[in-house]
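Listed below, chain by chain, are the residues.
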Amino acid sequence: MIKEGDLIVIWIDGRRIYLTKVDPKKRFSSDKGYIDMENVVGKDFGEKVQLSTGREAYILKPTPMDIYKGLKRPTQVLYPKDVAYILYLLGVSPGATVIEAGTGSGFMTISMAYFLGKESKIISYDVRQDTQNSARKNAEILGLGDRITFKIGDIRERIDETNVDAIFLDMPDPWNAIETSYASLSPSGSLVIFVPTVVQVEKTYLSMKDKFIDVHAEELMSREYQLKENAVRPKSIGVWHTGYLIYGRKLLKGD
Ligand SMILES: C[S@@+](CC[C@H](N)C(=O)[O-])C[C@H]1O[C@@H](n2cnc3c(N)ncnc32)[C@H](O)[C@@H]1O
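Per-chain numbering applies: the sequence of each chain, read as written, is numbered from 1 onward. Residues qualify for local features only when their pLDDT is at least 70, as the model is predicted, and side-chain atom pairs are given and counted only at 80 or more; totals for whole chains, interfaces and linings, by contrast, use all residues. Working from all heavy atoms in the structure, the side-chain values ignore hydrogens and water.

Under the annotation held in an unreviewed UniProt entry, the chain carries the name tRNA (Adenine(57)-N(1)/adenine(58)-N(1))-methyltransferase TrmI and is attributed to Sulfuracidifex tepidarius.

Below, the structure written as structure tokens:
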């Protein structure tokens, strides 16, 4: 049963998916109508409610995908298809320590905190205080703030932590952060990097190839389908390119 303070999704249609906290004193408004939140308290997840216009909406329990659609994002954020595979490539499990840069809107940070659980330590660096503040707010809304340490700093110059399990970089010039990442990683730890252009892939590869093993780059493609009777087919409009993932594992010097 839904109670005050719960995080819920108000689902009106495929383009109107809102993530909000239940405050009985407040009103949720959209271009399709409003509902006083006191009318949501006591409902069950999956139940239908009626907006002021008579339009129906559904109350759902937030999933990472809803969180992705509903969060504020001052920077470009990673797409869920990439986030899911990055988690796999990082090779980490609950209890791990992971370093990330840059924080940006915190979508990757939040995803790691969500999937790696309470015992994990996520340390996220960014050079910008404003975007990191917004990421911190996002993490707090989701109740994940205590799993994350936000740090202001240039990861090309310094990573305070050593012997970490994995590092993820989403920044314009990751090839300048290979030295610091190498020093911070535990032997055989994974370094995963996201970049949007092939020039960045080559520069990153060249800076990694002597210190990391199993270095490779790949791109993930996802194609959504139109679901309509007698017309099920790939949608004609979609996101075709997000970026490339580069991966490698730390070798000990001299190996
Ligand atoms: C595209 S955003 C990251 C988005 C993030 N992965 C997400 O899913 O929300 C890139 C971020 O890298 C930060 N950045 C750029 N250079 C950096 C550096 N040398 N050290 C730390 N952060 C850096 C930028 O300030 C920016 O916030």
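## A short note on the domain arrangement of the chain
Start and end positions for the domains come from either an automated domain assignment or a database one. According to the domain assignment, the chain consists of domain 1 (7-62) and domain 2 (69-250). A separation of 32 Å is found between the C-alpha centroids of domain 1 and domain 2. Taken residue by residue, the interface counts four residues in domain 1 and six residues in domain 2. Throughout, the accessible surface (probe 1.4 Å) given up by two parts as they are put together, summed over both, is called the buried area. Carbon and sulfur atoms supply 68% of the area buried between domain 1 and domain 2, which totals about 410 Å² over both sides. When the area that domain 1 buries against domain 2 is broken down by residue, the three leading residues are L7, I17 and L19, summing to 77%. One side-chain nitrogen of Lys or Arg within 4 Å of one carboxyl oxygen of Asp or Glu is enough to make a salt bridge. Where domain 1 meets domain 2, there are zero salt bridges. Between N or O atoms, a polar contact is any pair within 3.5 Å; within protein, one atom must be a potential hydrogen donor and the other a potential acceptor, and residues adjacent in sequence are included only when both atoms are from side chains. Between the two partners, domain 1 and domain 2, sit one residue pair in polar contact (both at pLDDT 80 or more). By definition in these notes, contact holds between two residues if any of their heavy atoms fall within 4.5 Å.

## Looking at the sheet that holds strand 11 (residues 185-195)
Backbone-to-backbone hydrogen bonds join strands into a sheet, with any given pair of strands oriented parallel or antiparallel. Strand pairing is assigned whenever DSSP identifies at least 2 bridges connecting the two strands. In this text, helices come from DSSP runs of H or I with a minimum length of four residues, and strands from runs of E with a minimum of two, each type numbered from the N-terminal end. An order of 9-8-7-10-11-15-12 is seen for the seven strands of this open sheet, with the pairing classed as mixed. With one partner strand each, in any of the chains shown, strand 9 (148-152) and strand 12 (212-218) form the two edges of the open sheet. Taking the axes of each pair of neighbouring strands and ignoring which way they run, one obtains an average angle of 15° across the sheet. Pairing between strand 12 and strand 15 (residues 244-250): five bridges, direction antiparallel. Along strand 15, the bridge assignment pairs E218 with L245. Those strands touched by helix 6 (residues 198-208) are strand 11, strand 12 and strand 15, and its axis lies near 5° from that of strand 15. Only the stretch in contact is used when a helix axis is fitted, and all axes are lines through C-alpha atoms; the angle between N-to-C directions ranges over 0 to 180 degrees.

## Concerning the pattern of salt bridges
For the coordinates displayed, the defined rule picks out 17 salt bridges. Note that R156 is salt-bridged to D154, the shortest N-O span being 2.7 Å. Measuring nitrogen to oxygen at the nearest pair gives 3.6 Å for the salt bridge that ties D210 to K209. Through salt bridges with shared partners, one network takes in D13, R16, D31 and R55.

## Quick word on helix 6
Throughout, exposure labels follow a simple rule: accessible area from a 1.4 Å probe, protein chains only, divided by the maximum for the residue type, with under 20% read as buried, over 50% as exposed, and the rest as partly exposed. Residues Q200, V201, T204 and M208 constitute the buried set of helix 6. Buried residues of helix 6 fall within an arc of 105° about the axis and therefore sit on the same side. Summarising the geometry of helix 6, the exposed residues directed more than 90 degrees from the buried face are V198, V199 and E202. In this fold, the buried residues of helix 6 make contact with helix 5 (178-184), strand 11, strand 12 and strand 15. The directions from the helix axis to the C-beta atoms form the arc being described.

## So, the UniProt feature "binding site: S-adenosyl-L-methionine" (unreviewed entry) in the chain
UniProt positions are given in the numbering used here, feature names are shortened, and annotations may be inferred rather than shown by experiment. Per the UniProt entry, the sites bearing "binding site: S-adenosyl-L-methionine" (unreviewed entry) are D126, D154 and D170 in this numbering. Across 45 residues of sequence, these annotated residues stay compact in space, with a maximum C-alpha separation of 12.7 Å. Position of D126 among the secondary structure elements: in strand 8 (residues 121-126). Taking relative accessible area as the criterion, D126 reaches 9% and is therefore assigned buried. Excluding its chain neighbours within four sequence positions, the residues that come into contact with D126 are G102, T103, G104, T131, Q132, K151, I152 and G153. Within the structure, D126 has its side chain in polar contact with the backbone nitrogen of R128 (distance 2.9 Å). As for its position among the elements, D170 is in the loop between strand 10 (164-169) and helix 5.

## Some details on the sheet that holds strand 2 (residues 16-21)
Pairing within the open sheet is antiparallel, and its four strands lie in the order 2-1-6-5. Since the sheet does not close on itself, it has two edges, and those belong to strand 2 and strand 5 (48-50), each with one partner. In this sheet, adjacent strand axes meet at a mean angle of 30° when their direction is disregarded. Here strand 5 pairs with strand 6 (residues 56-60) via three bridges, running antiparallel. Bridging across to strand 6, V49 finds its partner in A57.

## Brief notes about the packing of helix 2 (residues 80-90) against helix 3 (residues 107-116)
Running from amino to carboxyl end, helix 2 crosses helix 3 at an angle of 55°, the nearest separation of the two axes being 11 Å. Here helix 3 runs oblique to helix 2, going by the angle between their axes. Judged by the sense of rotation from one axis to the other, the crossing of helix 2 with helix 3 is right-handed. Facing P80, V83, I86, L87 and L90 of helix 2, the residues of helix 3 in contact are F107, M108, S111, M112 and F115. A breakdown of the residues in the contact of helix 2 with helix 3 according to their chemical character gives nine nonpolar, one polar and no charged. For classification purposes, an angle smaller than 35 degrees is called roughly parallel, one larger than 145 roughly antiparallel, one from 65 to 115 roughly perpendicular, and anything else oblique. Take the far helix as your reference; a near helix turned counterclockwise from it by less than a right angle gives a left-handed crossing, and one turned clockwise gives a right-handed crossing. The residue classification treats Ala, Val, Leu, Ile, Met, Phe, Trp, Tyr, Cys and Pro as nonpolar and Asp, Glu, Lys and Arg as charged. All others, Gly included, are polar.

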